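If you want the building blocks of each chain, they are given just below.
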Amino acid sequence: MSQPPAATQSAQAGPQLRTRAEGLASALPPLLAQAEHLASTVLLGSHGRRRSGMGDEFWQYRPIAQGDEAREIDWRRSARSDVHFIRQKEWQAAQSVVIWVDGSRSMGFSGDRNRAAKSDRARLLALALSVLLVRAGERVGLANTGAPPRGGQLQLVRLAEALTGELSEEDYGTPETPGLPAHARAVFLSDFMGDIAGVEAALAKAADRGVRGALFQILDPVEETFPFDGRTIFESMGGTLSHETLKAGELKERYLQRLAERKDRLEHLARVSGWLYDCHHTGDSAQSALLWLYAALERSR
Amino acid sequence: MWMLGPIGFTAPLLLLGLIALPILWIILRAVPPAPIRRRFPGVALLLGLTDDETQTDRTPWWLLLLRMLAAAAVIVGFAGPVLNPQVEETGSGPLLAVVDATWADAPDWSRRQDRLAALIEEAGRSGRPVALVQLTDLPPGPPEFLSADRWVSRIAGLAPQPWEPDPEAQEAWLAGLGDARFDTVWLSDGLARASRAPLLEALEARGDVRVIEGGRPALGLAPVLYEDGEVKLSGLRAITASEAEVAVSAIGLDPAGTERALAAATLTFEAGAAGAETALALPHELRNRVTRFEIAGHRSAAAVSLTDDSLRRREVALIAGRDDREGLELLSPLHYLEQALAPTAELLHGGLTDILPANPDAIILADVAQLAPAEQAALTEWVEEGGLLVRFAGPRLASSEVSRTELDPLMPVRLREGGRSVGGAMSWGEPRALRPFAEGSPFYGLEVPQEVTVQSQVMAQPDPELGERVIAALADGTPLVTRRGIGAGQVVLFHVTANAEWSTLPLSGLFVQMLERLAVSTRPASPSAEDLAGTTWTADAVLDGFGELQPAETLPGVPGERLASRAFGPDMPPGLYTGGDRRIALNVLAADDVLEPAAWPARIPVEGLAIARETRLAGPVLALALLLLAADLVASLWLSGRLRGGQGGAVALLALALMAPAPPASAQEADEARALLATTEVVLAHVVTGDQSIDRLAQAGLTGLGEALYTRTSVEPAQPMAVNLETDELAFYPFLYWPVTEGQPIPSAEAYSRLNRYLRSGGMILFDTRDGDIGGFGSATPTGRKLQQLAGPLDIPPLEPLPQDHVLTRTFYLLQDFPGRYTSRDVWVEAAPADAEKVEGMPFRNLNDGVTPVVIGGNDWASAWAVDASGMPLYPVGRGFAGERQRELALRFGVNLVMHVLTGNYKSDQVHVPALLDRLGQ
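Numbering of residues begins from 1 in every chain and follows the order in which that chain's sequence is written. Working convention: letters from A go to chains and numbers from 1 go to ligands, in the order in which they are written. A pLDDT threshold of at least 70 governs which residues receive local features in this predicted model, and a stricter bar of 80 or more applies before side-chain atom pairs are shown or counted, although totals over entire chains, interfaces and linings include all residues.

1. Structural notes on the overall build of chain B
Next up, step 1: Within chain B, the regular secondary structure consists of 26 helices and 41 strands.
Next up, step 2: Here chain B holds 922 residues, and the buried ones make up 35% of them.
Next up, step 3: A pair of residues counts as a contact when their C-beta atoms, built from backbone coordinates, are within 7 Å of each other. Considering only contacts within chain B whose residues lie at least 6 apart along the sequence, 76% involve residues at least 24 apart. Where helices and strands are cited, they refer to DSSP runs of H or I of at least four residues and of E of at least two residues respectively, numbered from the N terminus. Partly exposed residues are those whose C-beta has more than 12 but fewer than 20 other C-beta atoms within 10 Å; 20 or more makes a residue buried and 12 or fewer makes it exposed, with C-beta atoms placed from the backbone.

2. So, the overall build of chain A
Next up, step 1: In terms of regular secondary structure, chain A is built from eight helices and nine strands.
Next up, step 2: Relative to its full complement of 301 residues, chain A shows a buried share of 36%.

3. Some details on the packing of helix α3 (residues 61-78) of chain B against helix α17 (residues 618-639) of chain B
Any two packed helices are characterised by the angle at which their axes cross and by the distance between the axes.
Residue and element names in this part refer to chain B.
Next up, step 1: Between N-to-C directions, angles span 0 to 180 degrees; the directions come from axes that are lines fitted to C-alpha atoms, helices contributing only their stretch in contact. It is the contact of α3 with α17, at a shortest axis distance of 8 Å, that shows an interaxial angle of 155°. Overall, the two elements α3 and α17 adopt an arrangement that is roughly antiparallel. Crossing geometry of α3 relative to α17 is assigned as left-handed. Residue-level inspection shows L63, L66, R67, L69, A70, A73, V74, V76 and G77 of α3 in contact with α17, the latter providing A618, V621, L622, L624, A625, L628, L629, A631, D632, A635, S636 and L639.
Next up, step 2: Residue composition of the contact of α3 with α17, by class: 17 nonpolar, two polar and two charged. Comment on the angle field: the value is read as roughly parallel under 35 degrees, roughly antiparallel over 145, roughly perpendicular from 65 to 115, and oblique elsewhere. Two helices that cross are described as forming a left-handed crossing if the nearer one is turned anticlockwise from the farther one by less than a right angle, and a right-handed crossing if clockwise. Ten residues, namely Ala, Val, Leu, Ile, Met, Phe, Trp, Tyr, Cys and Pro, are considered nonpolar, four, namely Asp, Glu, Lys and Arg, are considered charged, and the remaining ones, Gly among them, are considered polar.

4. Focus: the interface of chain A and chain B
Much of the literature gives interface size as the accessible area that the parts lose upon coming together.
Next up, step 1: Facing the 34 residues of chain A at the interface are 27 residues of chain B.
Next up, step 2: Looking at the side of chain A that touches chain B residue by residue, the class counts come to 15 nonpolar, eight polar and 11 charged.
Next up, step 3: One ladder, built from four bridges, connects strand β7 (residues 232-235) of chain A with strand β3 (residues 36-39) of chain B; its direction is parallel. Considered in β3 of chain B, the bridge of F234 of chain A is made with R38 of chain B. Strands were regarded as paired on the criterion that DSSP finds at least two bridges between them.

5. Brief notes about the sheet that holds strand β4 (residues 139-142) of chain A
Residues and elements named next belong to chain A.
Next up, step 1: Taken together, the five strands give an open sheet; going across it, the order is β4-β3-β5-β6-β9, and neighbouring strands pair in parallel fashion. Among the strands making up the open sheet, the edge pair consists of β4 and β9 (276-281). Neighbouring strand axes in the sheet, compared pairwise and without regard to direction, differ in orientation by 20° on average.
Next up, step 2: Strand direction decides the pairing type here: strand β3 (residues 96-101) and β4, joined by four bridges, are parallel. When the sheet's bridge partners are listed, V97 is paired in β4 with V140.
Next up, step 3: Helix α3 (residues 118-135) contacts β3, β4, β5 (185-190) and β6 (212-219) of the sheet and is inclined by roughly 170° relative to β3.
Next up, step 4: Against the sheet, helix α7 (residues 248-272) makes contact with β6 and β9, and its axis sits at roughly 145° relative to β9, the strand it touches most.

6. Concerning the confidence of the model for chain A
Residues and elements named next belong to chain A.
Next up, step 1: Every residue is assigned a pLDDT by the predictor, reflecting its confidence on a scale from 0 to 100. Per-chain confidence: chain A averages 79 in pLDDT, with 80% of residues scoring 70 or above.
Next up, step 2: Within chain A, the element-level pLDDT minimum falls on helix α1 (residues 5-39), averaging 53, and the maximum on β9, averaging 91.
Next up, step 3: Counting interchain partners and residues more than four positions distant, the pLDDT-below-50 stretch residues 1-15 has three contacts.

7. What to know about the environment of D189 of chain B
Residue and element names in this part refer to chain B.
Next up, step 1: Mapped onto the secondary structure, D189 falls in the loop between β7 (183-187) and α7 (196-204).
Next up, step 2: Here D189 falls in the buried class, since 26 other C-beta atoms lie within 10 Å of it.
Next up, step 3: Each C-alpha atom, one on D189 and one on I212, is 8.8 Å from the other, the two residues being 23 residues apart in sequence.
Next up, step 4: Contacts of D189, omitting those with residues within four sequence positions, involve D100, T102, A104 and D105.

8. Comments concerning the nonpolar core
Next up, step 1: Core analysis: the largest hydrophobic core is formed by 70 residues, its most contacted members being I99, A128, L129, V187, L189 and L293 of chain A.
Next up, step 2: It is α3 of chain A that provides the largest number of residues to this core, a total of 10 residues.
Next up, step 3: Counting residues in each nonpolar core, the second largest holds 60 residues, with A460, V470, V496 and W502 of chain B among its members. Residues enter a nonpolar core if they are buried, belong to Ala, Val, Leu, Ile, Met, Phe, Trp, Tyr or Cys, and are joined to the set through C-beta atoms within 7 Å.

9. Description of helix α21 (residues 749-760) of chain B
Along an α-helix, residues three or four apart share an orientation, since each turn contains 3.6 residues.
Next up, step 1: Here the expected length of a helix is defined as 1.5 Å per residue gap, with one fewer gap than residues. For α21 of chain B, spanning 12 residues, the distance from its first C-alpha to its last is 16 Å, which sits close to the expected 16 Å at 1.5 Å a residue.
Next up, step 2: At the exit of α21 of chain B stands G762 of chain B, carrying a positive phi of roughly 100°.

10. Details of the packing of α3 of chain A against helix α4 (residues 153-163) of chain A
All names here are of chain A.
Next up, step 1: In contact at an axis separation of 10 Å, α3 and α4 are set at 175° when each is read in the N-to-C sense. When the axes of α3 and α4 are compared, the pair comes out roughly antiparallel. Facing R123, A126, L127, S130, V131 and V134 of α3, the residues of α4 in contact are Q155, L156, L159, A160 and L163.
Next up, step 2: Residue composition of the contact of α3 with α4, by class: eight nonpolar, two polar and one charged.

11. Focus: α3 of chain B
Next up, step 1: Taking 1.5 Å of rise per residue, 18 residues should cover 26 Å, and α3 of chain B covers 26 Å from first to last C-alpha, within 8% of that figure.
Next up, step 2: Looking at the residues trailing α3 of chain B, positive phi occurs at G80 of chain B, about 70°.

12. A short note on the confidence of the model for chain B
Next up, step 1: When the pLDDT values of chain B are averaged, the result is 81; 88% of them are 70 or greater.
Next up, step 2: ipTM for the predicted complex: 0.72, alongside a pTM of 0.42.

13. Considering the pairing of strand β26 (residues 479-486) of chain B
Residues and elements named next belong to chain B.
Next up, step 1: The pairing of strand β25 (residues 470-473) with β26 spans three bridges and is classified as antiparallel. Residue A473 lies in a different strand from β26, and its bridge partner there is P479.
Next up, step 2: One ladder, built from six bridges, connects β26 with strand β27 (residues 489-494); its direction is antiparallel. Residue pairing in the sheet places R483 in a bridge with V492 of β27.

14. Quick word on the sheet that holds strand β20 (residues 388-392) of chain B
Residue and element names in this part refer to chain B.
Next up, step 1: Spatial ordering of the open sheet is given by β18-β17-β19-β20-β27-β26-β25, a layout of seven strands whose pairing is mixed. The open sheet has two edge strands, β18 (345-349) and β25, and neither has a second partner. Ignoring strand direction, the axes of neighbouring strands in this sheet form an average angle of 20°.
Next up, step 2: Packed on one face of the sheet, helix α11 (residues 373-384) meets β20, β26 and β27 and runs near 115° to β27.

15. Quick word on the environment of L15 of chain B
Residues and elements named next belong to chain B.
Next up, step 1: Mapped onto the elements of the fold, L15 is located in the loop between β2 (7-9) and α1 (21-30).
Next up, step 2: For L15, a count of 18 C-beta atoms within 10 Å puts it in the partly exposed group.
Next up, step 3: Not counting residues up to four positions away in its chain, the partners in contact with L15 are F9, I75 and A79.

16. Considerations on unusual backbone geometry
Residue and element names in this part refer to chain B.
Next up, step 1: In this structure, D367 takes a positive phi of about 55° despite not being glycine.
Next up, step 2: Take D367: it is sitting in the loop between β19 (362-366) and α11.
Next up, step 3: Under the C-beta neighbour-count criterion, D367 is labelled buried, with 23 such atoms within 10 Å.

17. Some points on the pairing of strand β6 (residues 130-134) of chain B
Residues and elements named next belong to chain B.
Next up, step 1: Judged by how many residues are buried, β6 sits mostly within the fold: four of five residues are covered.
Next up, step 2: Both strand β5 (residues 95-99) and β6 contribute to a ladder of five bridges, which runs parallel. From the neighbouring strand, V99 faces β6, where its bridge partner is Q134.
Next up, step 3: Crossovers are described as right-handed under a simple rule: with the strands pointing away from the observer, the path leading from the first strand over the helix to the second runs clockwise. Each parallel crossover has a hand, and for β5 linked through helix α4 (residues 109-125) to β6 it is right-handed.

This is the structure:
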């Protein structure tokens, strides 16, 4: 505290940077390992496109047609018959998936000391999904960082690094999708407690670019049950919003009604833009959530 | 002090604070409970919602009432409420408190003490000087009038005495009072006695007299009599109004030597009767064991009746030298003895060898001269152990050679041949009378009747010791009775016959008295003064006022006459007195005593003993206020919604814990839990070395090994445990890892015996000297030397370096190296038997028995196995990929080791599979 700022900075840049980096890295393997562990529960199959195209796998022989180049002829097959055949490969195109994980303060909420915060669950699911996708040969990117989607193990490490940071200062997050590739897939992981307009805008923007995907709402069980009573001042996690009530128990019905409305709204938004919506509670198993997410991407792929 | 009914207040002005309560009510009602601040993301959905009602969160009336009560209790508590405050007595001038302090006070002595303390404190409050006088223990001078607090501390030291006030001492004390004036309070024991009237008169002349009386009525037990084979008990009481039943128990030592109630009886007092009697038929053996009778539950010296010889019946064996004179009863040598002893003693008849095992108190040989050698030896032994042998002379003894030239071992003196005869038809002289008994003789004090004469007797040889052995002599000085101590017992010789042939002694009462003095017989009733004349008695045990037997420490001897007078005092308290072989019990009450209630003149005010106690209520009231406040706290928490779910349970539990302190979890339960944990799962364990870092390392190492086992094998170990050799049971753990440190304490002998038992019953210890980098096994590294010290007392078989075909090389993985953090090759295990041979065609020797009890090495395996909480290796091993390979091999060694411990030589038995298959094929 009494040190001049310059000294502090140089100290941070010096050996301390390394210590901090190591501290940061020490958490990485567990998160990655946890995500890999979670991902390993989803059985992987072949993910061919079931049609001919660019790829490595053999798809079919077809007789030559007008417009085919002569070099495409498979002479070995053609020699066994009178017709010339063209050897077609299965189309294997890597898909780009962009994941947005809400990093706002509201995600840091946990209704119970023994339950992980919503952000932990969101990050775990995001990374596990990434692991699955990378194994399937897709390109994955984090919308939060803005970096383009990439494939490969190294990308996983980058993602894990990006996902182990601190939560941001904002109270509620708004989906941000800078440089969302056209026709990519997107997954939004958030509690969607903030202003719904931001979500609408992001969805509209994504729909414009032909992007489909999933809205995945993660809630704490406490947010579903509202087990409060008595005179209470409710504050948002960042402290920017507050609401005082004399009888919290009286508010329960109306709160639950509003929450249901919010869910309906999200589902409606998803439906009109061709997305999928699901709500997940941190009290439930992460595995079912991952399965749902994976299936949702399969469907929209 | 301000009084409200029976409650007074020391600070009544504080009660004005109660007026403020209504104001407090209004204030509390206006202020709603404080809100809780909660972080909740869903607040975004709450914005804009309003409460339906706005005034609901006023404090509810019952909570307000609770708080009001708490506040009121605080105010009342500090106002100092006192229940039954003591209102001061009137009167001034000095106050004399007179206490009887006799045995009749004893049953409720503590109440009397309380009353006395209250009395003196009261006098102290009004500034009166006080003096205290115990009538049974009068001070030598006039009473000391001192301030009350000086006396209060002395009250606890007062004790009732087991005797009555002494009228003479009381007179002397009254004379010493002079003309001082004072008021008197007399704490009476409620019994009438002659000395009361003069004292009361003298005290009334000096001021007002009040009497305090009450408590439990006096009860007493008269001396116990033995008549017609029954023990007669009689009780006395002072107040005769109603019917009453009193339980009396006979107390004595049981055969095991512990004091207990041997029998019980009930005394039933009829209404209006002052006495009650009952009889108790006790078997002879039991009766001899009884030491005292007492009224159960009545602590008073009079309620105890000690027993003495009068209850105890001695066993006396009578043996005569000749019993061939049938029909001549009066001439029988035993006739007079039987007559004299039958009322008071149990008589045994029979042969000497039959009688001796019954161990009688006394044996009387009447005119028995020669004993068989075996009888003589047995009798001598019996006498030396404390028996009393009484011999009577007679014609046989006179004519025998017994004790003629040599002193017979069972005779007190040598005898002259023939004896003598005086006053007979053929002799000169008069029959001789007895000389009065000399001082020092047991018969001293007995009256010698003139009609007792002796015609014949045996004569003692004049020896140097003769003088001191004579206890009775004739008028001319010839010994009549002689006595000699042998060992713990004694031999007494009457130089005359036991019948009236030689003398008239057996015809006289003196004969019975002499037998009694010799403790051959016992007297039936309490002794009279002449019975006891000339004797000296010492107190054996004395009674205190409460009826407890106390050892008589330095009390002086008491002459028999004083004993007979029963004038008890500090120099002669009631109790048990011994003189020689006899015991006399002096009880507080004599057979003819009567208890009567004291009668006071009508002018004297008589008060009861009960006092209304002053009780300060401030403490309870303030405690009530605290309780109310605690209830208010819980209620407020509940109202504001902070008592929901788990928290509510926690608070309730906390409240319960505050109410009743939970019993501390005992060490045994912890031990049990640990044993259960260790036995329900496979648990690897390491020995606590005392070095924290090494212990942590061992723990982490075993954790890492456990994880490797879990993932690779079907062994699924639980968390490893630390084992303290001194305190923990080892049998639960299949495998102990023992890192050797220099500073490790050598285990105790018990710990070594536990370790040896563990090794013999199939346990395994992996000793790790952790110095594989600097020296091989057995070299002089510090930990190597320590290992030699540690393992010295252990029961370890011969060792050899791990051979190539040892089962450890193939229990799970195929291994030839056993690296840990270091790669020394020296790993030692139990040596193979010398006759182990390699069979042709087999890959290894035939070695199938037992698990090696120890594996010793220095490769620091724990470091190679150790992982941190997130499962990452803790310590670097080697360099680069080769290092990781080394770590992997270390883990494989660990897996092999645990497999070896758990499966034994299973893998070695595989050797026989080809042979078995071959045989099955045939």
